[in-house]
Amino acid sequence: MIRVLIADDQGMVRTGFTVFLSSQPDLEVVGEAANGQEAIERVAELKPDVVLMDVRMPVMDGLEATRRLMAAGETKVLILTTFDLDDYVYEALRAGASGFLLKDASAAQLAEAVRVVAAGEALIAPAVTKRLIHEFARLGGPRAPSVKRLAELTERETEVLTLIAQGLSNQEIADRLVVAEQTVKTHVGRVLTKLDLRDRAQAIVYAYETGLVRPGE
């Protein structure tokens, strides 16, 4: 069973998501939180696998709560967002979120998103990647965390990281490089290990911050 905590300041949203998720045989909603501070407390108490985290909440917002949860290494975070309102994609990824989900997602999309994040994958739709690229363009120039480690990658691994940063899925990368999808998965795993990154979300941020990929390329 995948244990889920729902953090949102709107009771109706929490109830709706709970009903959706509880109907799935492999998902269990273990608790709810109405703000970021409560989310941190509930995570410590209930040990969920995934937190569905709203961004705009009182007391402590979802970004700060995500930063603190990631620092403690306690769970995975799936950010709930409404794209027309929440311009937090970049900061949420830097804070350690594993993905994003629109609040108007269907029940099936919600359940699948939780499964993807629980499995250690990043959930980043092409639309989110575009916003992320736009944000890097706005900030200008690479922020260079540690370019040194890039040198540890093979030529093919660097190529795969570049394609990840462009928002391509494993299958799309496999098609582009004319290799098997399993081969791409192996390369992705090595890239994450060598660069000490948790998932694709962090890989995208890293690729732009080191200047490996630049907006518009």
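Worth saying up front: this structure is predicted, and the values here are computed from it rather than measured.

Reading the values: rules and limits
Each chain carries its own residue numbering, running from 1 in the written order of its sequence. Reporting in this predicted model follows two pLDDT cut-offs: at least 70 for local features of residues, and 80 or more for side-chain atom pairs to be given and counted; totals over whole chains, interfaces and linings ignore these cut-offs and use all residues. To obtain the side-chain values, all non-hydrogen atoms of the structure were used and water was disregarded. Runs of H or I in DSSP of at least four residues are treated as helices and runs of E of at least two as strands, each being numbered from the N terminus. Buried means the residue's accessible area, taken with a 1.4 Å probe over protein chains only, is under 20% of the maximum for its type, while exposed means over 50%, and partly exposed covers the values in between. We call two residues contacting when some pair of their heavy atoms lies within 4.5 Å. The protein chains shown are the only cover counted for residues, whose accessible areas, like all others here, come from Shrake-Rupley with a 1.4 Å probe. Note on geometry: axes are lines fitted to C-alpha atoms, helical ones only across the stretch in contact, with angles between N-to-C directions running from 0 to 180 degrees. Any angle from 65 to 115 degrees is called roughly perpendicular, while one under 35 is roughly parallel, one over 145 is roughly antiparallel, and all others are oblique. Helix crossings fall into two classes, left-handed where the near helix is turned counterclockwise from the far one by less than a right angle and right-handed where it is turned clockwise. The classification used treats Ala, Val, Leu, Ile, Met, Phe, Trp, Tyr, Cys and Pro as nonpolar, Asp, Glu, Lys and Arg as charged, and all other residues, Gly among them, as polar. How far a helix is expected to stretch is found by multiplying one less than its residue total by 1.5 Å. Think of it as the arc spanned by the lines of direction from the helix axis to the C-beta atoms. We call two strands paired when DSSP finds no fewer than two bridges between them. Throughout this description, a polar contact denotes any pair of N or O atoms lying within 3.5 Å of each other; where both atoms belong to protein, one of them has to be capable of donating a hydrogen while the other can accept it, and for residues adjacent in sequence the pair is counted only when both atoms sit in side chains. UniProt positions are given in the numbering used here, feature names are shortened, and annotations may be inferred rather than shown by experiment.

*Asks:* Would you mind going over the overall build of the chain with me for this structure?
*Replies:* Looking only at helices and strands, the chain has ten helices and five strands in total. The buried share of the chain, reckoned over its 217 residues, is 48%. Considering only contacts in the chain between residues 6 or more positions apart, those separated by 24 or more positions represent 68%. Accessible surface for the chain amounts to roughly 10,200 Å². Of this, 52% is attributable to carbon and sulfur atoms.

*Asks:* Can you walk me through the side chain of N170 in this structure?
*Replies:* Looking at the element boundaries, N170 is found in helix α8 (residues 170–177). When sequence neighbours within four positions are dropped, the list of residues in contact with N170 reads E181, V184, K185, V188 and R200.

*Asks:* Explain the packing of helix α2 (residues 36–46) against helix α3 (residues 62–72) here, please?
*Replies:* Each pair of packed helices can be described by the angle between their axes along with the distance between the axes. Look at α2 against α3: their axes get within 8 Å of each other, and the N-to-C directions meet at 25 degrees. When the axes of α2 and α3 are compared, the pair comes out roughly parallel. Between α2 and α3 lies a crossing whose hand is right-handed. Across the interface between the two elements, G36, Q37, I40 and V43 of α2 pack against A65, R68 and L69 of α3. Its residues assigned to classes, the contact of α2 with α3 comprises four nonpolar, two polar and one charged.

*Asks:* Please explain helix α9 (residues 181–195) as it appears in this structure.
*Replies:* Two residues of an α-helix separated by three or four positions point the same way, owing to the 3.6 residues in each turn. Taking 1.5 Å per residue as the helical rise, α9 with its 15 residues ought to reach 21 Å, and the 21 Å between its terminal C-alpha atoms agrees with that figure. Turning to α9, its buried residues number three or more, namely V184, H187, V188, V191, L192 and L195. The arc enclosing the buried residues of α9, seen along the axis, measures out at 135 degrees, which places them on a common side. Residues Q182 and T193 are exposed on α9 and point more than 90 degrees away from its buried face. In this structure, the buried side of α9 is in contact with α7 (155–165), α8 and α10 (200–209). Downstream of α9 by a residue or two, D196 has a phi angle that is positive, lying close to 55 degrees.

*Asks:* Looking at this structure, how should I read the sheet that holds strand β4 (residues 76–81)?
*Replies:* In a beta sheet, neighbouring strands pair by backbone hydrogen bonds and run either parallel or antiparallel. In space, the five strands of this open sheet follow the order β2-β1-β3-β4-β5, with parallel pairing throughout. The outermost strands of the open sheet, each flanked by one partner alone, are β2 (27–33) and β5 (99–102). Between one strand axis and the next, the sheet turns by 25 degrees as a mean value, whatever way the strands run. One ladder, built from four bridges, connects β4 with β5; its direction is parallel. For I79, the partnering residue across the bridge sits in β5 and is F100.

*Asks:* Could you clarify how one ought to interpret the side chain of N35 in this entry?
*Replies:* Position of N35 relative to the elements: it lies in the loop between β2 and α2. Among the polar contacts listed, one links the side chain of N35 to the backbone nitrogen of Q37, at a separation of 3.0 Å. A polar side-chain atom of N35 sits 2.8 Å from the main-chain amide nitrogen of E38. What N35 contacts, discounting residues up to four positions off in sequence, is M57, P58, V59 and M60.

*Asks:* For this particular structure, what's the right way to read the UniProt feature "modified residue: 4-aspartylphosphate" (unreviewed entry) in the chain?
*Replies:* UniProt records the feature "modified residue: 4-aspartylphosphate" (unreviewed entry) at D54, using the numbering of this structure. What D54 contacts, discounting residues up to four positions off in sequence, is A7, D8, D9, G62, L80 and K103.

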